[in-house]
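Now for the letters of each chain:
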Amino acid sequence: MNQGALSHLKVLDLSRVLAGPWCTQMLADLGADVVKVERPKEGDDTRHWGPPFLKDAEGNDTDQAAYFTACNRNKRSITIDIAKPEGQALIRQMALSSDILVENFKVGGLAHYGLDYDSLKALNPRLIYCSITGFGQDGPYAKRAGYDLMIQAMSGMMSITGKPDSVPGGGPQRVGVALTDVFTGVYATSAILAALEVRHRTGSGQHIDMALLDVGMAILANQAGGFLNTGKVPQRMGNSHPSLAPYQDFPTADGAMLLAIGNDGQFARFCHAIGKPEWSADPRFATMGGRNTNRGVLIPAMEIVTRTRTTAQWIKLLEDKAVPCGPINDIGQAFADEQVKARGLEIKQLVAGVFAAKTAIKSISTVASPLRLTATPPVLLRAPPGLGEHTDEVLKEMGLDAQAIAALHDSGIV
């Protein structure tokens, strides 16, 4: 049985909401044993972030929010009250045998409990300790709480997302998912894997300082590069591209489609396919620079043509001519797409044990990991866990007997 590329690693997950759990789910999908520590009775905030809620076997809403399932597959859940000394002692014991710890408490928050990096490093020098915060461990904003929406606003992401102010519906818009959180999770995973490689050479772990704001600035990519090297502030352009044309949505006979023409050869093939070869020979449109300069003329002319066929007809016409063209799907249509199905991007995991009996939830669907390793592909070991589902199991692995575990339950520590 495939154990995954990281099956030899133990991860102590003290993170909540999205950025940290996204990171630890990536590690879990690669086979790491991830133990998620949650607050007794309450759990991760996202367990309650609904609607939508998971359905039971009869199709009725439960009290389990679907949000939690997006980033907590393949983990074990244990409840510990870290505000109590006995809970802190359990975390320290778990850290002794862990390779990686991921947390997203406010700066200095875990030091109050003796669970900060310096304290745990003294117990386990090999520990790789990843802290995820809004603004990083230093700087004037370090003590502030940070959320994805705030970072999208502060970083400038919202200023380049949406329609221009000059058109109806114009104004700054957030991206439709918590993009900065997700990217922070991905960057954190990369940093952890780099720290593991260093540990192979040195035998020592290290502290990783991940900040949502840092990531938010980094993923501005070409927009940031353009500003830093020209001083020109990018503006919102709707679905158009500041450097490429035609690279946007176009109306069709039954809706709309996307054309993503990224070079002159693609544009020439497009022009020949639609019976307008003169466009690619026109000095105004023959080059990318020309098309950008003259997009005010080119795009309206193209829209007249694109309205003459349906979206499906355009895709059929262009797909064998290496002209990037596609539908603008809603999420339901995306999961119904034949390529999405062929790649197995929707996975369904059965829910078992106490969690299934308590909630009447029979299965949970999630999006498959996009990491495709031929020798050690991602694993599917567990559905997103119920709150505290594995508490007793993990405590037994730590060497506690039934009496000690019962005492922890009775005192509200777990």
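These numbers come from a predicted model, not from an experiment.

A.B. asks: Could you clarify how one ought to interpret unusual backbone geometry in this entry?
C.D. replies: Most peptide bonds are trans, and most residues other than glycine sit at a negative phi. Omega for the bond connecting Gly-50 with Pro-51 falls within 30 degrees of zero, at 5°, which places this linkage in the cis form. Mapped onto the elements, Pro-51 comes out in the loop between strand 2 (33-38) and strand 3 (53-55). Here the amide bond leading from Ala-245 into Pro-246 is cis, since omega sits at -5°, within 30 degrees of zero. With respect to the helices, strands and loops of the structure, Pro-246 is situated in the loop between helix 7 (221-230) and strand 9 (247-252). Notably, Lys-41 is not glycine yet its phi reads approximately 70°, a positive angle. Within the secondary structure layout, Lys-41 lies in the loop between strand 2 and strand 3.

A.B. asks: Is there a simple way to think about the packing of aromatic side chains in this case?
C.D. replies: Given two aromatic rings, one states the distance between the centres and the angle between the planes to describe the pair. All chains considered together, the criterion is met by 3 aromatic pairs. Here Trp-49 and Tyr-67 contribute two aromatic rings whose centre-to-centre distance is 5.2 Å and whose plane-to-plane angle is 85°, an arrangement assigned as edge-to-face. With Trp-49 in the loop between strand 2 and strand 3 and Tyr-67 in the loop between strand 4 (61-65) and strand 5 (75-79), the pair connects residues that are 18 residues apart, well separated along the chain. We classify Tyr-67 as partly exposed; its relative accessible area is 28%. Seen in terms of ring centroids, Phe-135 and Tyr-141 are 5.6 Å apart; in terms of plane orientation they differ by 80°. Their pairing is edge-to-face. Look at Tyr-141 and you get partly exposed, because its relative accessible area is 34%. The cationic tip of Arg-144 hangs over the ring face of Tyr-141; the distance from NZ or CZ to the ring centre is 3.8 Å. Sitting above the plane of the Phe-267 ring, Arg-291 keeps its charged end 4.5 Å from the centroid.

A.B. asks: Explanation requested: the sheet that holds strand 6 (residues 100-103) in the structure shown.
C.D. replies: Sheet strands pair by backbone hydrogen bonding; their relative direction is either parallel or antiparallel. On the basis of which strands lie adjacent, the open sheet formed by 6 strands has the order 5-2-1-6-7-8 and parallel pairing. This sheet does not close on itself; its edge strands, each paired only once, are strand 5 and strand 8 (207-211). Pairs of neighbouring strands in the sheet enclose a mean axial angle of 20°, with direction left out of account. Direction of pairing for strand 7 (residues 128-133) relative to strand 8: parallel, over a ladder of 5 bridges. Residue pairing in the sheet places Thr-133 in a bridge with Ala-211 of strand 8. Relative to the sheet, helix 5 (residues 179-202) contacts strand 6, strand 7 and strand 8, its axis offset from that of strand 7 by approximately 160°.

A.B. asks: How should the pattern of salt bridges be read in this particular structure?
C.D. replies: All chains considered together, the criterion is met by 15 salt bridges. One salt bridge in this structure joins Arg-47 and Glu-38, with 2.8 Å as the shortest N-O distance. Each member of the pair, Arg-47 together with Glu-38, is buried. By sharing partners, the salt bridges in this structure join Asp-33, Arg-76, Glu-393 and Glu-397 into a single network.

A.B. asks: Quick question: what am I supposed to make of the sheet that holds strand 10 (residues 255-260) here?
C.D. replies: Taking strand neighbours across the sheet as the criterion, the 3 strands line up as 9-10-11 in an open arrangement whose pairing is antiparallel. Two strands close off the open sheet at either side, each with one partner strand: strand 9 and strand 11 (325-327). The average angle at which neighbouring strand axes cross in this sheet is 30°, direction not considered. Relative to the sheet, helix 11 (residues 295-306) contacts strand 9 and strand 10, its axis offset from that of strand 9 by approximately 40°.

A.B. asks: Explain the nonpolar core here, please?
C.D. replies: Nonpolar side chains in soluble globular proteins tend to be buried together. Formed by 31 residues in total, the largest nonpolar core has its most connected members in Leu-27, Ile-100, Cys-130 and Ile-192. Every element with two or more residues in this core is listed here: helix 1 (19-29), strand 6, strand 7, helix 5, strand 8 and helix 6 (212-218). Filtering out sequence-adjacent residues up to four positions away, Cys-130 remains in contact with Leu-101, Val-102, Glu-103, Ala-188, Ile-192, Ile-208 and Met-210.

A.B. asks: Please clarify how the environment of Ile-132 should be interpreted in this entry.
C.D. replies: Position of Ile-132 relative to the elements: it lies in strand 7. Classification of Ile-132 by relative accessible area gives buried; the value is 3%. Measuring from C-alpha to C-alpha, the distance between Ile-132 and Val-107 comes to 9.1 Å, with 25 residues separating the pair along the chain. In this view, Ile-132 contacts Ala-19, Gly-20, Val-102, Glu-103, Asn-104, Phe-105, Thr-184, Ala-188 and Met-210; residues no more than four positions away in its chain are not counted.

A.B. asks: Sorry if this is basic, but what is going on with the side chain of Lys-36 here?
C.D. replies: Examined against the element boundaries, Lys-36 turns out to sit in strand 2. Among the polar contacts made by the side chain of Lys-36, one reaches the side chain of Asp-44 at a distance of 2.9 Å. For Lys-36, the residues in contact, after removing those within four places along its chain, are Asp-13, Ser-15, Pro-21, Asp-44, Phe-68, Asn-72, Lys-75, Arg-76, Ser-77 and Ile-78.

A.B. asks: What am I meant to see in the pairing of strand 13 (residues 363-367) here?
C.D. replies: The side chains of a regular strand alternate, first on one face of the sheet and then on the other. Alternating positions in strand 13 separate cleanly, Ile-364 and Thr-366 being buried on one face and Ser-363, Ser-365 and Val-367 remaining unburied on the opposite face. Note: strand 12 (residues 346-350) against strand 13, 5 bridges, orientation antiparallel. Within strand 13, the position partnered with Glu-346 by the bridge is Val-367.

A.B. asks: What am I meant to see in the state of the cysteines here?
C.D. replies: One way to say it: the disulfide is the covalent bond shared by the sulfur atoms of two cysteines. On inspection of all chains with the given rule, the structure shows 0 disulfides. Not part of a disulfide, Cys-130 finds its nearest cysteine sulfur in Cys-23, a span of 5.5 Å. Cys-325 carries a free sulfur, and the closest cysteine sulfur to it, the one in Cys-271, is 14 Å from it.

Conventions we followed
- Residues numbered from 1 in each chain as written.
- Predicted model: local features only at pLDDT ≥ 70, side-chain atom pairs only at ≥ 80, totals over all residues.
- Heavy atoms only, no water.
- Helix = DSSP H or I, 4+ residues; strand = E, 2+ residues; numbered from the N terminus.
- Phe/Tyr/Trp six-rings, centres within 6.5 Å; stacked < 30°, edge-to-face > 60°.
- Buried < 20%, exposed > 50% of the residue type's maximum accessible area, 1.4 Å probe, protein only.
- Lys NZ or Arg CZ within 6 Å of the ring centre and 35° of its normal.
- Pairing = 2+ DSSP bridges.
- Axes fitted to C-alpha atoms, helices over the stretch in contact; angles between N-to-C directions.
- Contact = heavy atoms within 4.5 Å.
- Salt bridge = Lys/Arg side-chain N within 4 Å of Asp/Glu carboxyl O.
- Core = buried A, V, L, I, M, F, W, Y, C linked by side-chain atoms within 4.5 Å.
- Polar contact = N/O pair within 3.5 Å; in protein donor to acceptor, adjacent residues only side chain to side chain.
- Disulfide = S-S within 2.5 Å.

All we've got here are geometric facts, nothing functional implied.
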